[in-house]
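# Overview (structure and organization)
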Amino acid sequence: MKKNESTADRLIRAGIAVGAGALAANVGKAKSPGRMALCVLSAVMGLTAVVGVCPIYSALGISTCDKCEDK
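Here the structure is a predicted model, which means the values were calculated and not measured. Sequence positions are assigned chain by chain, starting from 1 and proceeding in written order. Totals for whole chains, interfaces and linings use all residues, but because this is a predicted model, local features are given only for residues with pLDDT of at least 70 and pairs of side-chain atoms are given and counted only at 80 or more. Note that the side-chain values use all heavy atoms of the structure and ignore hydrogens as well as water.

### A closer look at the side chain of Ser6
Among the structural elements, Ser6 can be located in the segment before α1 (7-26). Not counting residues within four places of it along the chain, the set of residues in contact with Ser6 comprises Thr64 and Cys65. A run of H or I in DSSP counts as a helix once it spans at least four residues, and a run of E counts as a strand once it spans at least two, with each numbered from the N terminus. Note on contacts: a residue pair is in contact if any heavy atoms of the two residues lie within 4.5 Å.

Written as structure tokens, this is what we have:
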């Protein structure tokens, strides 16, 4: 898969991942639905930030990356 996220997009996603992870660590009971949702959000945002590919962007044909190859 070709990258479709800009550096700014990746930094925002990383920030959301850290924030959601910190929030999940400090709220709710161990297996509450809210905490689980925050953990999933943190994992997905962190993974897309590291990899540089957003599957939703790919499906919609969107790219925020100006310097990516094969654009």
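### So, the environment of Asn26
Topologically, Asn26 is positioned in helix α1. Looking at Asn26, the relative accessible area reads 65%, which means it is exposed. For the pair Asn26 and Leu60, spaced 34 residues apart in sequence, the C-alpha separation works out to 35 Å. Two N or O atoms count as a polar contact when they lie within 3.5 Å, although within protein this holds only if one can serve as hydrogen donor and the other as acceptor, and sequence-adjacent residues are included solely when both atoms are side-chain atoms. Among the polar contacts listed, one links the side chain of Asn26 to the backbone oxygen of Ala22, at a separation of 2.9 Å. Under the scheme applied here, a residue whose accessible area is under 20% of the maximum for its type counts as buried, over 50% as exposed, and between as partly exposed, the area being computed with a 1.4 Å probe on protein chains only.

### Things to note about the UniProt feature "transmembrane region" (unreviewed entry) in the protein chain
UniProt positions are given in the numbering used here, feature names are shortened, and annotations may be inferred rather than shown by experiment. In the numbering adopted here, UniProt assigns the feature "transmembrane region" (unreviewed entry) to residues 40-62. As a span, residues 40-62 carries 78% helix and 0% strand, and end to end its C-alpha atoms are 23 Å apart.

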